[in-house]
Amino acid sequence: MSDLNRLYAELAEAARANTLPTAAELRRRADRRARLTMVLGTAVAALVVLVASVATARVVLSGPDPMPPPLGASLNPTPSATATSPDPTGTPTADPGTPTGDPVPPTGVRPGRTPARNAPAGPPRSVPDRAFLVQPPNTQHGEPRMEVRDVAVLPRLCGARYGSDGALAARRTMRHLYWLPNSPDDAVPHGTVFQTISTYRDRGAADFVDQLARAVRACPRETAGGLSRRYSLVEAGQRGDQALLIREEIDVTDVNGDPGGTMVRQTSVVRVGAVVTVLRDEGWEGADTVPSLLGEFTRLAVVAIRDWLR
């Protein structure tokens, strides 16, 4: 047998051992494979679309990661803040659905916070009558207090000047006549209290009290108006935020010019915050002042000022 015949014989034997599928079977298998491929492709595409939709929804719902506000910014921005959106030219314009014309908050007020009403803008710019001392009825005898001007309430103190006057905001002076308790109705007044109330900006009130204390220490004695005067600081007690009590001893003479003894006057000074009140007690016709009365007047003066400042 030739080699060609032998090869044909082996091929025929292999064909008998492995039966080939018919043409119909081959078409059936091809159709099944095509349907499976189409189903798998559709499922993969649907899965891709689903994953993309979930990712998009997550971005839309969550938005970008929140950024911390800059230092000094409010954590509660004003609800009426105007939204903006760019127009085609790139210039920001008002969002059509957002109201405009909201007032700009005043300087120093953080967005989202309502400015406090009646917030103090500084020291009082005027001093009302109710800020002044109200005397006890048994020292008043029905004499009304009277506003006075151009009265030197402080001792001269060698012509001292006070730099704190540059911070002065307001000042008024009242004159109070007083009688000793239980004195008869026809008695003359025992003395006069001149009361000044001053308000200061910044640290002016505290600076004034400090400067006045230094002025007293720097001028223990002087001669003014032909009379020798001696000044000293005495115990003032705990009143207000700061308190001073100035004692003034004046050598007086009689009608003949001879030495007539010593006249004592006192000046009480109290600071309450940015307000300073000065009460100078002058005895009637050279009479000595009564320290206990000036102390009570000072206490009542502080009460009136505190009530006024509430």
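All residue numbers refer to position in the chain's written sequence, counted from 1. For this predicted model, a pLDDT threshold of at least 70 governs which residues receive local features, and a threshold of 80 or more governs which side-chain atom pairs are given and counted, while totals over whole chains, interfaces and linings are taken from all residues. Note: side-chain values were computed over all heavy atoms of the structure, leaving out hydrogens and water.

### Observations regarding the pattern of salt bridges
Pairs may arise between side chains of opposite charge once their charged atoms sit close together.
And then number 1: When a carboxyl oxygen of Asp or Glu lies within 4 Å of a side-chain nitrogen of Lys or Arg, that pair is called a salt bridge. One pass over the full model with this rule turns up 15 salt bridges.
And then number 2: Glu 249 is paired through a salt bridge with Arg 230; the nearest N and O atoms lie 3.4 Å apart. Of this pair, Glu 249 sits in strand 8 (residues 242-253) while Arg 230 is found in strand 7 (residues 227-234), placing the two residues 19 residues apart along the sequence.
And then number 3: Exposed residues in this analysis have more than 50% of their type's maximum accessible area, buried residues have under 20%, and partly exposed residues fall in between, with area computed by a 1.4 Å probe over protein chains only. According to the relative accessible area criterion, Glu 249 is partly exposed, its value standing at 23%.
And then number 4: Notably, a salt bridge pairs Asp 251 with Arg 230, separated by 2.9 Å at the nearest N-O pair. Taken together, the residues span a long stretch of sequence, with Asp 251 in strand 8 and Arg 230 in strand 7 at a distance of 21 residues.
And then number 5: Given the relative accessible area of 27%, Asp 251 is considered partly exposed.
And then number 6: A cluster of three or more residues bridged by salt bridges with shared partners is formed by Arg 229, Glu 248, Arg 265, Arg 280 and Glu 282. Secondary structure follows DSSP: runs of H or I at least 4 residues long count as helices, runs of E at least 2 residues long count as strands, and numbering of each begins at the N terminus.

### Examining the environment of Ala 243
And then number 1: One can find Ala 243 in strand 8.
And then number 2: Residue classification places Ala 243 among the partly exposed residues on the basis of a relative accessible area of 24%.
And then number 3: Here Ala 243 is in contact with Ala 236, Gly 237, Val 269 and Val 270, once residues within four sequence places are set aside. Residue contacts follow a heavy-atom distance rule, with two residues in contact if any of their heavy atoms lie within 4.5 Å.

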